[in-house]
Amino acid sequence: QVQLKESGGGLVQAGGSLRLSCAASGRSFSTYAMGWFRQTPADEREFVAAIDFDGSIYYSDYVKGRFTISRDNAKNTVYLQMNSLKPEDTALYFCAATRARYLSDYIEYDYWGQGTQVTVSP
């Protein structure tokens, strides 16, 4: 069992930055792949980034070059550094954990946090 809690969301102007954190409780955090997803009321949950247990990293084309995912296994935490934010990045951001291999599909994830809201003003 893994419990996840996101933090770090907020309101920022376009071009600004935010750093999201996701703290995990439970054992064996280092054996899970961790992902970030986002969702708006009108859309399905969308893949943002993932980092596998071995450190392999994946990004969606929408955020590649602007967002950076990282993890600190000693702190049971995964981060999402978001730079050059755009209004279209506005969404509820979730972190999730999985031991599956197909990391860009939200269906593959077993554990989810409650989400943190990111709002980017023009």
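Computed from a predicted structure; not experimentally measured.

A.B. asks: Which residues make up the state of the cysteines, and what values do they have?
C.D. replies: Scanning the entire structure with this criterion turns up one disulfide. What pairs with Cys22 in a disulfide is Cys95, and their sulfur atoms sit 1.9 Å apart. Across the disulfide from Cys22 to Cys95, rotation about the S-S bond amounts to roughly 50 degrees, and the bridge is consequently right-handed. Of the two residues, Cys22 is situated in strand β3 (residues 18-25) and Cys95 in strand β9 (residues 91-98); the sequence distance between them amounts to 73 residues. Take Cys95: its relative accessible area is 0%, and that puts it in the buried class.

A.B. asks: Give a detailed account of the pattern of salt bridges, specifying residues and quantitative values.
C.D. replies: The tally for this structure, following the rule as stated, stands at five salt bridges. Residue Asp89 is joined to Arg38 by a salt bridge in which the shortest nitrogen-to-oxygen separation is 2.9 Å. Placement of Asp89 in the loop between β8 (77-82) and β9 and of Arg38 in strand β4 (residues 33-39) is noted, with a sequence separation of 51 residues between them. Accessibility assignment for this pair places Asp89 and Arg38 in one class, buried. Where Arg101 meets Asp52, a salt bridge forms, and the shortest distance between an N and an O atom there is 3.0 Å. Note that Arg101 is positioned in the loop between β9 and β10 (111-112) and Asp52 in the loop between β5 (46-51) and β6 (57-59), a separation of 49 residues in sequence. Note on Asp52: relative accessible area 7%, which makes it buried.

How each quantity is defined
Residue numbering note: each chain is counted from 1, following its sequence as written. Reporting in this predicted model follows two pLDDT cut-offs: at least 70 for local features of residues, and 80 or more for side-chain atom pairs to be given and counted; totals over whole chains, interfaces and linings ignore these cut-offs and use all residues. In computing side-chain values, all of the structure's heavy atoms are included and hydrogens and water are not. To count as a disulfide, a pair of cysteine sulfur atoms needs to be within 2.5 Å. Put simply, DSSP H or I for four residues or longer makes a helix, DSSP E for two residues or longer makes a strand, and each gets a number counted from the N terminus. Burial here depends on accessible area, computed with a 1.4 Å probe over protein chains only, as a share of the maximum for the residue type. Under 20% is buried, over 50% is exposed, and the range in between is partly exposed. One speaks of a salt bridge when a side-chain nitrogen belonging to Lys or Arg is within 4 Å of a carboxyl oxygen belonging to Asp or Glu.

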